[in-house]
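Here are the chains, one letter per residue:
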Amino acid sequence: MATANGHDSKTPELLTFPCTIDIKAVGKRSARFEALVHEIVSRHIGPQDLLSTTHRESRGGNYVAITLTIRALGRAQLDAIYEALSASPEVLMAL
């Protein structure tokens, strides 16, 4: 039986929480994109749970990928982060 978040309640969890995980967001390169990604993710984690941040520009310099390494506490938290990132028009892709 699938739950509201689309996961089967009988399927074992692939991650053991708490765990360290990378959250990646891709968008058009702008002065505010990295701050936007930080702000969205920070709504769902404590300040001590942000472990590192990296960014990488596309070859042409038009896009940027921001990767935040976080300490995740549970599946619901990760689902909320990905949902919030995906809801932002500036975020083209969240992985």
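Look a little higher up for the structure.
Residues numbered from 1 in each chain as written. Predicted model: local features only at pLDDT ≥ 70, side-chain atom pairs only at ≥ 80, totals over all residues. Heavy atoms only, no water.

Student: Mind laying out the overall build of the chain, listing which residues take part and the relevant values?
Tutor: Along its length, the chain carries 2 helices and 4 strands. If you list the helices and strands of the chain from N to C, you get β-α-β-β-α-β. Relative to its 95 residues, the chain shows a buried fraction of 33%. Intrachain contacts of the chain at a sequence separation of at least 6 include 68% that bridge at least 24 residues. Entry remark: accessible area of the chain is about 6200 Å², with carbon and sulfur atoms responsible for 55%. (Helix = DSSP H or I, 4+ residues; strand = E, 2+ residues; numbered from the N terminus. Buried < 20%, exposed > 50% of the residue type's maximum accessible area, 1.4 Å probe, protein only. Contact = heavy atoms within 4.5 Å. Areas by Shrake-Rupley, 256 points an atom, 1.4 Å probe, with all protein chains shown as cover.)

Student: So what about the sheet that holds strand E1 (residues 19–28)? Which residues, and what values?
Tutor: Two strands in a sheet stick together by hydrogen bonds in their backbones, pointing the same way (parallel) or opposite ways (antiparallel). Read across the open sheet, the 4 strands follow the order E2-E3-E1-E4; overall the sheet is antiparallel. Lying at the two open borders of the sheet, with one neighbouring strand each, are strand E2 (50–57) and strand E4 (91–94). Pairs of neighbouring strands in the sheet enclose a mean axial angle of 20 degrees, with direction left out of account. Of the strand pairs in this sheet, E1 and strand E3 (residues 63–72) are connected by 10 bridges, and their pairing is antiparallel. Looking at the pairing, Lys28 lines up with Tyr63 of E3. (Pairing = 2+ DSSP bridges. Axes fitted to C-alpha atoms, helices over the stretch in contact; angles between N-to-C directions.)

Student: Run through a nonpolar patch on the surface, naming residues and quoting values.
Tutor: Together, Tyr63, Leu92, Met93 and Leu95 make up an exposed nonpolar region whose accessible area comes to about 380 Å². Under the relative-accessibility criterion, Met93 is labelled partly exposed at 42%. (Patch = residues over 30% accessible without salt bridge, like charges linked within 9 Å, V, L, I, M, F, W, Y side chains within 5 Å. Salt bridge = Lys/Arg side-chain N within 4 Å of Asp/Glu carboxyl O.)

Student: Can you lay out the nonpolar core for me, pointing to particular residues and giving the numbers?
Tutor: Ranked by internal contacts, the top residues of the largest apolar core, which has 20 residues, are Ile23, Phe33, Val37, Val41, Ile70, Ile81 and Leu85. Listing elements by their share of this core, those giving two or more residues are E1, helix H1 (33–42), E3 and helix H2 (75–87). Not counting the four nearest positions on each side in its chain, Ile81 is found in contact with Ile23, Val41, His44, Ile45 and Ile70. (Core = buried A, V, L, I, M, F, W, Y, C linked by side-chain atoms within 4.5 Å.)

Student: So what's going on with the side chain of Gln77? Which residues, and what values?
Tutor: On the secondary structure map, Gln77 appears in helix H2. Taking the relative accessible area as the measure of exposure, Gln77 reaches 13% and is therefore buried.

Student: Break down the environment of Pro18 for me, with residues and values.
Tutor: Note that Pro18 resides in the segment before E1. C-alpha of Pro18 to C-alpha of Arg71: the two residues are 53 residues apart in sequence and 6.5 Å apart in space.

Student: Could you give me a rundown of the pattern of salt bridges, with the residues and numbers involved?
Tutor: What the rule picks out here adds up to 4 salt bridges. A salt bridge links Glu39 to Arg43; its shortest N-O distance comes to 2.8 Å. Taking relative accessible area as the criterion, Arg43 reaches 53% and is therefore assigned exposed. Here Asp49 ties to Arg71 by a salt bridge, and the two come within 3.1 Å at their closest N and O atoms. Of the two residues, Asp49 is situated in the loop between H1 and E2 and Arg71 in strand E3; the sequence distance between them amounts to 22 residues.

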